[in-house]
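One letter stands for each residue in the lines below.
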Amino acid sequence: QAKPPCLSWPCYWPQIRDTMHPMLSNAVKAARRAGNIITRASEDIGSLKIQTKTYNDFVTEVDKAAEQAIIDTLKELYPTHGFLGEESGESNIQSDFIWIIDPLDGTTNFLHGLPQYCISIALQERGVLTHAVIYDPNRNDLFTATKGI
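Remember, predicted model here, so these are calculated numbers, not experimental data.

*Asks:* What exactly am I supposed to notice about the environment of Gly-35 here?
*Replies:* On the secondary structure map, Gly-35 appears in helix H2 (residues 22–42). For Gly-35, a relative accessible area of 2% gives the class buried. Separated by 69 residues in sequence, Gly-35 and Leu-104 have C-alpha atoms that sit 8.8 Å apart. In this view, Gly-35 contacts Ile-119, Tyr-135 and Pro-137; residues no more than four positions away in its chain are not counted.

The structure is reproduced here in structure tokens:
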């Protein structure tokens, strides 16, 4: 007799992870790379170069480096996709696939040493958001979503 599937935490998680869409899986990879950059930088916040975009809206070299790591990771895999980054702006946004990136969502918290910040990445396909990743590098918490699942 076959054993019934486990539908409770944690044994259900591997079943979900193993069925993750490849684009979502690659977004997770990109988010973790950005998380490594942010985590290293959080050890020496005092040495960061900070610019003010508008009142109480800051950008650091960490934001820029994390966003570039995300773009580089995804662009290598999907060279025809477009990007809309908080720091770098638009690139190839006429594409059917556009990655929307906030590399350090919570920069002000980051600069004050508060551990409430994350990396946010979403994929828009032909005008519809289809996949999203939120990664908190402090807690190693990862949240993903796919339209229809």
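The rest of the description comes next.
*Asks:* Would you mind going over the nonpolar core with me for this structure?
*Replies:* Among soluble globular proteins, nonpolar side chains are generally buried collectively. Judged by nonpolar contacts, the single largest core of 28 residues is most densely connected at Ile-38, Ile-70, Leu-74, Trp-99, Phe-110, Ile-119 and Ile-121. Put simply, the parts of the chain that give this core at least two residues each are H2, helix H3 (61–77), strand E5 (97–105), helix H4 (107–111), strand E6 (118–125) and strand E7 (128–136). Top contributing element to this core by residue count: H2, with 9 residues. Once you skip the residues sitting within four places of it in the chain, Trp-99 turns out to touch Met-23, Ala-27, Leu-74, Tyr-78, His-81, Gly-82, Phe-83, Leu-84, Ile-121, Ala-122 and Leu-123.

*Asks:* Would you mind going over the environment of Arg-126 with me for this structure?
*Replies:* Assignment of secondary structure puts Arg-126 in the loop between E6 and E7. Each C-alpha atom, one on Arg-126 and one on Gln-94, is 9.6 Å from the other, the two residues being 32 residues apart in sequence.

*Asks:* I'm lost on the pattern of salt bridges in this one. Help?
*Replies:* Oppositely charged side chains can form a pair if their charged atoms are brought close together. Scanning the entire structure with this criterion turns up 2 salt bridges. The closest approach of N and O atoms between Arg-126 and Asp-96, which form a salt bridge, is 3.8 Å. With a gap of 30 residues between them, Arg-126 in the loop between E6 and E7 and Asp-96 in the loop between strand E4 (89–91) and E5 connect regions that are remote in the sequence. A relative accessible area of 56% means that Arg-126 is categorised as exposed. One salt bridge in this structure joins Arg-139 and Asp-136, with 2.6 Å as the shortest N-O distance.

Rules used throughout
Residues numbered from 1 in each chain as written. Predicted model: local features only at pLDDT ≥ 70, side-chain atom pairs only at ≥ 80, totals over all residues. Heavy atoms only, no water. Helix = DSSP H or I, 4+ residues; strand = E, 2+ residues; numbered from the N terminus. Buried < 20%, exposed > 50% of the residue type's maximum accessible area, 1.4 Å probe, protein only. Contact = heavy atoms within 4.5 Å. Core = buried A, V, L, I, M, F, W, Y, C linked by side-chain atoms within 4.5 Å. Salt bridge = Lys/Arg side-chain N within 4 Å of Asp/Glu carboxyl O.

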